[in-house]
Structure formats: structure tokens, C-alpha cells
Amino acid sequence: MYPEGMEGNMLHVSVMYQNASPRDVEEKITRKIEDIIGTVPNVQRVTSYSGHGHCYVRIQFQTGTKLRDAYAMVSDRMDRVKPLLPDEIDRITCGAGTRTTNP
């Protein structure tokens, strides 16, 4: 399920939560994603943005990290966190650059 052509050391996760305020997005989605991403090995930095109806989390990995393995671990963590998110969330998108896929 790993998208072809993914290179570099960054992945991103985005989630749509229709009609939610930035504060609700941060409290109900972004913080939970940040917490579980913290369990992925070789994460160097996590940057997040919570906006009206969506969140975006960028994950930078240490140099030398195999992005294929990192993608699998991030996808696994998103599967684990999904039951903790609001029921209105039906899709979490993971990817790198402009290429994305559903975990």
C-alpha cells in the first residue's frame, strides 16, 4: 500500500472534521494524532496546524530513516487512533509531498 515515488524524510497526515472550530479540531483530533505519532521511532519533529474543519500534521524523520517503514508505522498509528476520534471522521489521509493515500 506504500505509494510509489515517495522519497525524502517527511510525511503528512490530514483529517477533515466538517464544521468544527479550530479549537475543537485541536482538542479532538490534532492532539491525539500528535501523541500517537510520538510513539513512532526516528521522528525528529512534528508540526501541526488546526484550522476550521481540518487538521494537518507534518512529520519529519531523522536522516537515514526508510520512508517506506515510517509510512507503515504512521499508517498503523492512524488505525489505532481512529477509534478515539469523533465519529464524523471517515478518512485520515497520509502521504508525502503531493502523493497521498488512505491508511
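Just so it is clear, the model here is predicted, and its values are computed rather than measured. (Residues numbered from 1 in each chain as written. Predicted model: local features only at pLDDT ≥ 70, side-chain atom pairs only at ≥ 80, totals over all residues. Heavy atoms only, no water.)

Caption draft 1: Quick peek at the pattern of salt bridges. Summed over all chains, the structure comprises three salt bridges. Two residues, Glu26 and Arg31, come together in a salt bridge whose shortest N-O distance is 3.4 Å. For Arg31, a relative accessible area of 41% translates into the label partly exposed. Taken together, the shared-partner salt bridges in this structure form one network comprising Asp76, Arg77 and Arg80. (Salt bridge = Lys/Arg side-chain N within 4 Å of Asp/Glu carboxyl O. Buried < 20%, exposed > 50% of the residue type's maximum accessible area, 1.4 Å probe, protein only.)

Caption draft 2: Looking closely at the nonpolar core. Formed by 26 residues in total, the largest nonpolar core has its most connected members in Val13, Ile33, Val74 and Met78. With sequence-adjacent residues up to four places away left out, Ile33 is seen in contact with Val13, Val15, Cys55, Val57, Met78 and Val81. (Core = buried A, V, L, I, M, F, W, Y, C linked by side-chain atoms within 4.5 Å. Contact = heavy atoms within 4.5 Å.)

Caption draft 3: Structural detail: the confidence of the model for the chain. Summing up the model confidence of the chain, the mean pLDDT is 87 and the portion of residues at 70 or higher is 86%. Throughout residues 98-103 the model reports pLDDT below 50, and contacts reaching past four residues in sequence, or to other chains, amount to 21 contacts. (pLDDT = per-residue confidence, 0-100.)

Caption draft 4: Quick peek at the pairing of strand S1 (residues 10-16). When S1 meets strand S3 (residues 54-61), the two strands line up antiparallel, connected through seven bridges. Bridge pairing in S3 links Met16 to His54. One ladder, built from four bridges, connects S1 with strand S4 (residues 92-96); its direction is antiparallel. Bridge pairing links His12 to Gly95 in S4. (Pairing = 2+ DSSP bridges. Helix = DSSP H or I, 4+ residues; strand = E, 2+ residues; numbered from the N terminus.)

Caption draft 5: Structural detail: unusual backbone geometry. Backbone geometry places Asn19, a non-glycine residue, at a positive phi of 65°. As for its placement among the helices and strands, Asn19 is situated in the loop between S1 and helix H1 (22-37).

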